[in-house]
Amino acid sequence: ESIDLKIARSCLVHHEDNLFVLIGGRNENDEVLKKPLIINFVDETIEIQELPYELNFERFGHHSCGKLEKNDKTYIVIIGGVDQNDNFLKSCEYLDLEDLPNGSWQICNDLPITSAFAQLLTEPDTAQCHVLRKSDASPPRIVSIPLAHTHSSDLLGSALLRRNFLEADNSD
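Residues numbered from 1 in each chain as written. Predicted model: local features only at pLDDT ≥ 70, side-chain atom pairs only at ≥ 80, totals over all residues. Heavy atoms only, no water.

## Here's the deal with the overall build of the protein
A tally of helices and strands in the protein yields zero helices and 15 strands. The 172 residues of the protein split such that 41% are buried. Considering only residue pairs separated by 6 or more positions, the protein has 41% of its internal contacts joining residues 24 or more positions apart. A total of about 9700 Å² of accessible surface is found on the protein, and carbon and sulfur atoms cover 44% of it. (Helix = DSSP H or I, 4+ residues; strand = E, 2+ residues; numbered from the N terminus. Buried < 20%, exposed > 50% of the residue type's maximum accessible area, 1.4 Å probe, protein only. Contact = heavy atoms within 4.5 Å. Areas by Shrake-Rupley, 256 points an atom, 1.4 Å probe, with all protein chains shown as cover.)

## Section: the packing of aromatic side chains
Under the counting rule described, the total for this entry stands at two aromatic pairs. Measuring from ring centre to ring centre gives 5.7 Å for Phe20 and Phe41, while their planes differ by 85 degrees; the resulting arrangement is edge-to-face. One end of the pair, Phe20, is in strand β3 (residues 19–23); the other, Phe41, is in strand β5 (residues 37–42), and 21 residues separate them in sequence. With a centroid separation of 5.8 Å and 80 degrees between ring planes, the pair formed by Tyr75 and Tyr94 is classed as edge-to-face. Placement of the pair is Tyr75 in strand β8 (residues 73–79) and Tyr94 in strand β9 (residues 92–96), with a sequence separation of 19 residues. Look at Tyr75 and you get buried, because its relative accessible area is 10%. (Phe/Tyr/Trp six-rings, centres within 6.5 Å; stacked < 30°, edge-to-face > 60°.)

## A look at the state of the cysteines
Under the counting rule described, the total for this entry stands at one disulfide. The disulfide partner of Cys11 is Cys65, and the S-S distance across this bridge is 1.7 Å. Taking the sign of the S-S torsion, about -100 degrees here, the bridge from Cys11 to Cys65 comes out left-handed. Within this pair, whereas Cys11 is found in strand β2 (residues 11–16), its partner Cys65 is found in strand β7 (residues 64–70), the two being separated by 54 residues in sequence. Judged by its relative accessible area of 10%, Cys11 falls in the buried class. Of the residues examined, Cys65 reaches a relative accessible area of 9% and is grouped as buried. (Disulfide = S-S within 2.5 Å.)

## Some details on the sheet that holds β9
In space, the four strands of this open sheet follow the order β7-β8-β9-β10, with antiparallel pairing throughout. At either margin of the open sheet sits one strand with a lone partner, and together these are β7 and β10 (106–108). When the angles between neighbouring strand axes are averaged without regard to direction, this sheet yields 30 degrees. Summarising the sheet, β7 and β8 pair through seven bridges and their orientation is antiparallel. Bridge pairing in β8 links Ser64 to Ile79. (Pairing = 2+ DSSP bridges. Axes fitted to C-alpha atoms, helices over the stretch in contact; angles between N-to-C directions.)

In short, shape yes, function no, at least from these values alone.
What follows is the structure, encoded as structure tokens:
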């Protein structure tokens, strides 16, 4: 069975070797991609597998995703974006990659601000996530929002926003 890959506004995470996970976005009919796809580049071919479970939040586009390694486990983390009605999202969810192709997306606490058109960065040394986005200040600044974890058994399920934003002046 072939899967049409005319998908826009999605997020792509490199998992390992030739394996990628494509998350969210919309197809040519403006329908939300509810189930992530595993894309595997094998020799001269591309193998595509739809995961059997849906995201908790429909992400029509402009969401951010990244890969986080913590406690010898690897996770995909997704934040923000917009839904099909162009509402900006504060939501966060993650997936333990060891559970592929089974498992489910786990919900994190919402961010206190919406996050669209942002970049999600992960720090390998500290296993922390940072959301980089333009602030609403004038002139605009880049804001880094570190996500702190309060329960070691729950990766981001109790994510809290630290109040000490790091702002970088990008007016140069």
